[in-house]
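# Fold and geometry: a report
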Amino acid sequence: MRRWYVVHTHPQAESRALLNLKRQGFDAYLPRCRKWRRHARKAEVVTVSLFPRYLFLRLDIAVERWRPVLSTFGVGGLICRDGLPAPVPGGIVEAILAREDAGHFVDLTRQAEIKPGDRVQVTAGPFADRIAVFAGLSEGQRVILLLDLLGRKLRVEIAPEAVTACA
């Protein structure tokens, strides 16, 4: 049975390892995402590995030869248990694949189907336990909320992990 396994790569060699594994005929997957980077007063979107120094490899270790993976350029090793590659629990890689957009990048901004105008609850920070209206996402991938404070709508930007959808 073909299962997913984790490959540990050399520093900043995920793409090289992926290319060399695919050249050898292995079914390899490197989840990537887009991220805002600020450098020298300039902000830009860059492509980065979702899990730096790791990628996934699908194979059947009972049938396929997996030892050539260990000598592949860019690969540091496989995550093993008792001398054999340790499989990734079922559904994990499939869930990551399901979050990919049309450009094959993992969408980290997608919340639990929250749309502008939906009511959300703030779970952390100075506005914890307050109910707000979801207004959208900022360029820096922060959540924009409209909070009702002192009879006025106040626009606030907070981290996406500090917001949950109201039931």
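Right, let's walk through the structure included here.

Parameters and conventions
Residues numbered from 1 in each chain as written. Predicted model: local features only at pLDDT ≥ 70, side-chain atom pairs only at ≥ 80, totals over all residues. Heavy atoms only, no water. Helix = DSSP H or I, 4+ residues; strand = E, 2+ residues; numbered from the N terminus. Rg over C-alpha atoms; globule rule 2.2 N^0.38 Å. Buried < 20%, exposed > 50% of the residue type's maximum accessible area, 1.4 Å probe, protein only. Contact = heavy atoms within 4.5 Å. Areas by Shrake-Rupley, 256 points an atom, 1.4 Å probe, with all protein chains shown as cover. Pairing = 2+ DSSP bridges. Axes fitted to C-alpha atoms, helices over the stretch in contact; angles between N-to-C directions.

### Observations regarding the overall build of the protein
Tallying secondary structure elements over the protein gives 2 helices and 13 strands in all. Its C-alpha atoms give the protein a radius of gyration of 21 Å, clearly above 15 Å, the size a compact globule of 167 residues would have. Expressed along its principal axes, the backbone C-alpha trace of the protein runs to roughly 65 × 40 × 30 Å. Taken over 167 residues, the protein has a buried fraction of 34%. Contacts in the protein between residues far apart in sequence, at least 24 positions, make up 53% of those at least 6 positions apart. Accessible surface, the protein as shown: approximately 10,800 Å² in total, 53% of it carbon and sulfur.

### As for the side chain of Thr-9
Position of Thr-9 relative to the elements: it lies in strand β1 (residues 3-9). Beyond its immediate stretch of four places on either side in the chain, Thr-9 contacts Glu-14, Ala-17, Arg-53, Tyr-54, Leu-55, Gly-74, Val-75 and Gly-76.

### Examining the sheet that holds strand β10 (residues 131-137)
As a general point, the strands of a sheet are linked pairwise by backbone hydrogen bonds and lie either parallel or antiparallel. Pairing is antiparallel across the open sheet formed by 5 strands, whose spatial order is β12-β11-β10-β9-β13. Either end of the sheet is taken by a strand with one partner, and the two such strands are β12 (152-158) and β13 (163-165). Strand after strand, the sheet turns through a mean of 45° between neighbouring axes, direction not considered. By the bridge criterion, 7 bridges tie strand β11 (residues 143-149) to β12 in an arrangement that is antiparallel. Its bridge partner being in β12, Val-143 is matched across the sheet by Ile-158.

### Comments concerning the sheet that holds strand β6 (residues 75-78)
Reading across from one edge, β2-β5-β1-β6 is the order of the 4 strands in this open sheet, with antiparallel pairing throughout. In this open sheet, the two strands that pair with only one neighbour each are β2 (27-29) and β6. For this sheet, the mean inter-axis angle between neighbouring strands, taken without regard to orientation, is 35°. Bridge analysis of β1 against strand β5 (residues 54-59) gives 6 bridges, and the strand direction is antiparallel. Across the sheet, the residue bridging to Val-6 is Phe-56, located in β5. Taken strand by strand, helix α1 (residues 14-23) contacts β1, β2, β5 and β6, and its axis lies near 15° from that of β5.

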